[in-house]
Amino acid sequence: MAGITARRHRKRKLKAEINVVPYIDVMLVLLIIFMVTAPLLNLGVDIDLPQSNAKSIQEKKDPVIVSVDASGNYFLTVKAGSNEAVTAEMLTAKVRGIVSQNPDVAVFVAGDAKANYQKVMDALVLLQGANVKKVGLMSQPDQATQGRANQGRR
């Protein structure tokens, strides 16, 4: 009987260890979630890398430039120096013809600083309707920022 009473009165010793098994389970679940969702995130910039080191034989052609003036009128520049006023329908038709002949032609949109933003967006929608896959937006460097950068180089 003395052994039984001694067991009852003896206190359990506390463990000073951390049970990490639940933390490992949570970590593995999070790892699986991140592995599944990482390929779905597209945070990079879309660029076309060259397939080989060979030089291109075809000559560099002038880009197609769609301009939007402060009044919201559209202008199309196909060759350097040839700037013609066009309507929305004419713009879509002409650019579609150019893109069908040369799908790799560069297309840029130049919007006046005082132009309505909606007109510039409408130009982008018209180009999308003309099957243009990639469009660039043109801008001019800020003169104040450029002046400060040149002062820092001196």
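Only a predicted model underlies this, so the values are computations on that prediction, with no experimental measurement involved. (Residues numbered from 1 in each chain as written. Predicted model: local features only at pLDDT ≥ 70, side-chain atom pairs only at ≥ 80, totals over all residues. Heavy atoms only, no water.)

**Student:** What's the story with a nonpolar patch on the surface in this structure? I'm lost.
**Tutor:** Taken together, the side chains of Ile18, Val20, Tyr23, Ile24, Met27, Leu28, Leu31 and Met35 make up a nonpolar region of the molecular surface, amounting to roughly 850 Å² of accessible area. The topology assignment puts Tyr23 in helix 2 (residues 21–37). (Patch = residues over 30% accessible without salt bridge, like charges linked within 9 Å, V, L, I, M, F, W, Y side chains within 5 Å. Areas by Shrake-Rupley, 256 points an atom, 1.4 Å probe, with all protein chains shown as cover. Salt bridge = Lys/Arg side-chain N within 4 Å of Asp/Glu carboxyl O. Helix = DSSP H or I, 4+ residues; strand = E, 2+ residues; numbered from the N terminus.)

**Student:** I tried to follow the UniProt feature "transmembrane region" (unreviewed entry) in the protein chain on my own but got confused; where do I start?
**Tutor:** UniProt's entry tags residues 20–41 with the feature "transmembrane region" (unreviewed entry), counted in the numbering of this structure. For residues 20–41, the helix share is 77%, the strand share is 0%, and the end-to-end C-alpha distance is 31 Å. (UniProt positions renumbered as here; feature names shortened; annotations may be inferred.)

**Student:** Teacher, can you tell me more about the sheet that holds strand 3 (residues 83–86) here?
**Tutor:** Sheet strands pair by backbone hydrogen bonding; their relative direction is either parallel or antiparallel. Overall, mixed pairing links the five strands, which are arranged 3-2-1-4-5 in an open sheet. The strands lining the two open edges of the sheet, one partner per strand, are strand 3 and strand 5 (136–137). (Pairing = 2+ DSSP bridges.)

**Student:** So what exactly am I meant to see when it comes to the nonpolar core here?
**Tutor:** A general trend in soluble globular proteins is that nonpolar side chains are found buried together. Counting 18 residues, the largest nonpolar core has Leu76, Leu91, Val95, Leu127 and Val132 as the members making the most contacts within it. Elements represented by at least two residues in this core include exactly strand 1 (64–68), strand 2 (74–77), helix 3 (88–101), strand 4 (107–111) and helix 4 (117–129). Contact partners of Leu76, with chain neighbours within four places excluded, come to Val64, Ile65, Val66, Ser82, Asn83, Glu84, Val86, Leu91, Lys94 and Val95. (Core = buried A, V, L, I, M, F, W, Y, C linked by side-chain atoms within 4.5 Å. Buried < 20%, exposed > 50% of the residue type's maximum accessible area, 1.4 Å probe, protein only. Contact = heavy atoms within 4.5 Å.)

**Student:** Could you clarify how one ought to interpret the packing of helix 3 against helix 4 in this entry?
**Tutor:** A packed helix pair is summarised by two numbers, namely the angle formed by the two axes and the spacing between the axes. Running from N to C, helix 3 and helix 4 cross one another at 40°; their axes reach a closest spacing of 8 Å. In terms of their interaxial angle, helix 3 and helix 4 are classed as oblique. Where helix 3 crosses over helix 4, the two elements pack in a sense that is right-handed. Side by side, helix 3 and helix 4 meet where Ala88, Leu91, Thr92, Val95 and Arg96 of the first sit next to Leu126, Leu127 and Gly129 of the second. Looking at the contact of helix 3 with helix 4 residue by residue, the classes come out as five nonpolar, two polar and one charged. (Axes fitted to C-alpha atoms, helices over the stretch in contact; angles between N-to-C directions. Parallel < 35°, antiparallel > 145°, perpendicular 65-115°, else oblique. Left-handed = near helix turned anticlockwise from the far one by under 90°. Nonpolar A, V, L, I, M, F, W, Y, C, P; charged D, E, K, R; others polar.)

**Student:** What's the story with helix 4 in this structure? I'm lost.
**Tutor:** Turn by turn, an α-helix covers 3.6 residues, leaving residues three or four places apart pointing in a common direction. Taking 1.5 Å per residue, 13 residues should reach 18 Å; helix 4 reaches 19 Å between its end C-alpha atoms and fits that length. Asn131 lies just past helix 4 and shows a positive phi near 65°. (Expected span 1.5 Å × (residues − 1).)

**Student:** Teacher, can you tell me more about the side chain of Thr92 here?
**Tutor:** Of note, Thr92 is situated in helix 3. Residue classification places Thr92 among the buried positions, given a relative accessible area of 13%. A distance of 3.1 Å separates the side chain of Thr92 from the backbone oxygen of Ala88, its partner in a polar contact. Dropping the residues within four chain positions of it, Thr92 is found in contact with Leu126, Gly129 and Ala130. (Polar contact = N/O pair within 3.5 Å; in protein donor to acceptor, adjacent residues only side chain to side chain.)

**Student:** Sorry if this is basic, but what is going on with the pairing of strand 1 here?
**Tutor:** The side chains of a regular strand alternate between the sheet's two faces. Buried residues dominate strand 1, accounting for five of its five residues. Along strand 1, one buried face is formed by Val64, Val66 and Val68 and the opposite face, lined by Ile65 and Ser67, is buried too. As paired elements, strand 1 and strand 4 share five bridges and run parallel to each other. Pairing of Val68 across the sheet is with Gly111, part of strand 4. As paired strands, strand 1 and strand 2 are joined by four bridges and run antiparallel to one another. Considered in strand 2, the bridge of Ile65 is made with Thr77. Remark: five residues form the turn of the hairpin made by strand 1 and strand 2, two consecutive strands paired antiparallel; Gly72 in that turn has positive phi of roughly 95°.

**Student:** Is there a simple way to think about the environment of Gly97 in this case?
**Tutor:** For Gly97, the position within the fold is in helix 3. A C-alpha to C-alpha distance of 9.7 Å links Gly97 and Asn131, two positions 34 residues apart in sequence.

**Student:** Can you help me understand the pairing of strand 4 in this one?
**Tutor:** Pairing of strand 4 with strand 5 involves two bridges; the strand directions are parallel. Looking across to strand 5, one finds that Val109 is bridged to Leu137. Taking the sense of rotation as the criterion, the β-α-β connection linking strand 4, helix 4 and strand 5 turns out right-handed. (Right-handed = clockwise from strand over helix to strand, strands pointing away.)

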